[in-house]
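Understanding the architecture of this molecule
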2 protein chains.
Amino acid sequence: VQYLPQSIQKLIAELAKLPSIGNRSAERLAYYLINNPSLSLELAKSMHLAGEQVQHCKTCYFFSEQPQCPICSSEQRDSSLICIVEKPADLIAIEQAGIFKGKYHVLHGLWSPLKGQGTEEMKLDQLIKRAKAENTEEVIIATGATVEGEATALYIGQFLGEHQIKASRLAQGLPKGGDLEYLDDVTLSNALSGRTKI
Amino acid sequence: VQYLPQSIQKLIAELAKLPSIGNRSAERLAYYLINNPSLSLELAKSMHLAGEQVQHCKTCYFFSEQPQCPICSSEQRDSSLICIVEKPADLIAIEQAGIFKGKYHVLHGLWSPLKGQGTEEMKLDQLIKRAKAENTEEVIIATGATVEGEATALYIGQFLGEHQIKASRLAQGLPKGGDLEYLDDVTLSNALSGRTKI
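Now for a quick tour of the structure. If you're wondering where the values come from, they're calculated on a predicted model, not measured in any experiment.

A short note on unusual backbone geometry
A positive phi angle, close to 55°, is found at N135 of chain A, a residue other than glycine. Under the relative-accessibility criterion, N135 of chain A is labelled exposed at 60%. Phi angles above zero are rare outside glycine, and Y61 of chain B is one such case at about 70°. By the secondary structure assignment, Y61 of chain B is in the loop between strand 1 (55-56) and strand 2 (63-64).

A word on the sheet that holds strand 4 (residues 102-106) of chain B
For sheets, the rule is that strands pair by backbone hydrogen bonds, running either parallel or antiparallel. Residue and element names in this part refer to chain B. Pairing within the open sheet is parallel, and its four strands lie in the order 4-3-5-6. The open sheet terminates on both sides in strands that have one partner only, identified here as strand 4 and strand 6 (167-169). In this sheet, adjacent strand axes meet at a mean angle of 30° when their direction is disregarded. Strand direction decides the pairing type here: strand 3 (residues 78-85) and strand 5 (residues 138-141), joined by four bridges, are parallel. Note that in strand 5 the partner of I84 across the bridge is I141. Along the sheet face, helix 5 (residues 88-97) touches strand 3 and strand 4 and points at about 160° away from the line of strand 4.

Some remarks on the pairing of strand 3 (residues 78-85) of chain A
Examined bridge by bridge, strand 3 of chain A and strand 4 (residues 102-106) of chain A share five bridges and lie parallel to one another. Bridging across to strand 4 of chain A, V85 of chain A finds its partner in V106 of chain A.

Brief notes about the packing of aromatic side chains
Each aromatic ring pair is summarised here by two numbers: the centre-to-centre distance and the angle between the ring planes. Scanning the entire structure with this criterion turns up 10 aromatic pairs over all chains. An angle of 35° between the planes, with centres 5.7 Å apart, marks the rings of Y31 of chain A and F63 of chain B as tilted. You can see Y31 of chain A sitting in helix 2 (residues 23-35) and its partner F63 of chain B sitting in strand 2, one on each of two chains. Of the two residues, Y31 of chain A and F63 of chain B, neither departs from the other in class, the shared state being buried. Here Y155 of chain A and F159 of chain A contribute two aromatic rings whose centre-to-centre distance is 6.3 Å and whose plane-to-plane angle is 20°, an arrangement assigned as stacked. With a gap of four residues between them, Y155 of chain A and F159 of chain A both fall in helix 7 (residues 147-162), about one helical turn apart. Given a relative accessible area of 23%, Y155 of chain A falls into the partly exposed group. In this structure F159 of chain A comes out as buried when scored by relative accessible area, which is 14%. Of the aromatic side chains, those joined through ring pairs into one cluster are Y31 of chain A together with F62 and F63 of chain B.

Notes on empty space enclosed by the protein
For the structure shown, the criterion picks out two cavities of 30 Å³ or more. If you add up the space inside the largest cavity, you get close to 60 Å³. Lining the largest cavity are L15, L18, L29, L33, L43 and M47 of chain A together with L15, L18, L29, L33, L43 and M47 of chain B. Only helix 2 and helix 3 (37-53) of chain A together with helix 2 (23-35) and helix 3 (37-53) of chain B provide two or more residues apiece to the lining of the largest cavity. Split by residue class, the lining of the largest cavity holds 12 nonpolar, no polar and no charged. Surrounding the second largest cavity, L107, H108, G109, L110, Q117, G118, E121 and M122 of chain B form its lining. Split into classes, the residues belonging to the lining of the second largest cavity amount to three nonpolar, four polar and one charged.

What counts, and where the lines are drawn
Throughout this document, residue positions are counted from 1 along each chain, in the order its sequence is written. Starting at A for chains and at 1 for ligands, labels are handed out in the order in which the entities are written. Totals for whole chains, interfaces and linings use every residue, but because this is a predicted model, local features are given only for residues with pLDDT of at least 70 and side-chain atom pairs only at 80 or more, for both listing and counting. Hydrogens and waters are ignored; side-chain quantities use all the structure's heavy atoms. Any residue under 20% of the maximum accessible area for its type is buried, any over 50% is exposed, and the rest in between are partly exposed; the area is computed with a 1.4 Å probe on protein chains only. Put simply, DSSP marks the helices as runs of H or I at least four residues long and the strands as runs of E at least two long, and each gets a number from the N terminus on. Should DSSP find at least two bridges between two strands, the strands are taken to pair. To define axes, lines are fitted to C-alpha atoms, for helices over the stretch in contact only, and angles between the resulting N-to-C directions are given on a 0 to 180 degree scale. Whether two residues are in contact is decided by their heavy atoms: any pair within 4.5 Å suffices. Ring pairs are drawn from Phe, Tyr and Trp, using the six-membered ring of Trp, whenever the two centres fall within 6.5 Å, and their geometry is named by plane angle: stacked under 30 degrees, edge-to-face over 60, tilted for the rest. Using protein atoms alone on a 1 Å grid, points that fit a 1.4 Å probe yet trap it form a cavity, whereas open point sets bounded by protein on both sides within 12 Å along at least five of seven lines form a pocket; residues with an atom within 4 Å of a point count as lining. Grid points are joined across faces, edges and corners, and a volume is the space filled by probe spheres set on the points. Here the nonpolar group is Ala, Val, Leu, Ile, Met, Phe, Trp, Tyr, Cys and Pro; Asp, Glu, Lys and Arg are the charged ones; every other residue, Gly included, is treated as polar.

Right under this line is the structure:
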């Protein structure tokens, strides 16, 4: 495509590296950005600013502009419960539901030996140290119900067990509004084996 | 969401202004950018560079890094045909099909009085002047088959007629692979009324 300016081609190539942005979307975004210089400028500034100011909280590894994030430094949060999540978006989902008043530990990735994701990055040693220091009573492993999420949960559960820390994981069963007719076998089987007394 | 750093919230808000990027996508993109500082930097640079270097070609108003775009300055392109398109992406689609060797005129928007889009922005006076200067024989109006596309085509056709310039527009009919059973009434009706001899 020799008729398209080099600088646009470069922009399209960079945009296409973003998750769930295909080539066509990248083209559309590039044209839009070029026709909207003020938005383009603001966006570049925001990206720069966020890159400069956002770090990982030294305690829980969530995004934070201070060394310690507001959740970790809050006196209102219950240190006796730590919830392990895969990524910042999961923490935000739980916070938005407003159902948890403990603290967090963000893994920034699941255990996935095939993808070269080891257990180092999960900072489990730091978690152990912190749990002992804060007298944590229970660690809730809130990874997703995917293959990697389950493998990670099993691994972490075992690891915490070796360090005499009580671990639990999220219940598996019917999602709200779930119609038995349309649910998959695994979900049904999990709902059955995890049945609770009425 | 007071626990999410300000700079991330700002970045999400800016990203959500992009076309076909909803709030959830903007969040995902923001987290990805923050976790990939090198991509974020490259992207900001590309946006800046494209913003600096890309202008509209003074002849056809397509994107260009020079005052005149490669298509307008090419000796291989046929000046006797000018194809009018709504936006740069449409020009690129025609170029990629490799079916047209004439030149272009990019409108950067359709005629849409309700949206406050007048006829000024279409630079039709410049088009007339250019068509006369280059002895253009025919102007092909290649706007889409939408309500606004049709209205614009009618308006431009009339305008060109008043200036004694021959205008034509794209055929309407069955798309390739079109199965009559599933086509809408308007397409069928256009295909019928525009039928050609075998």
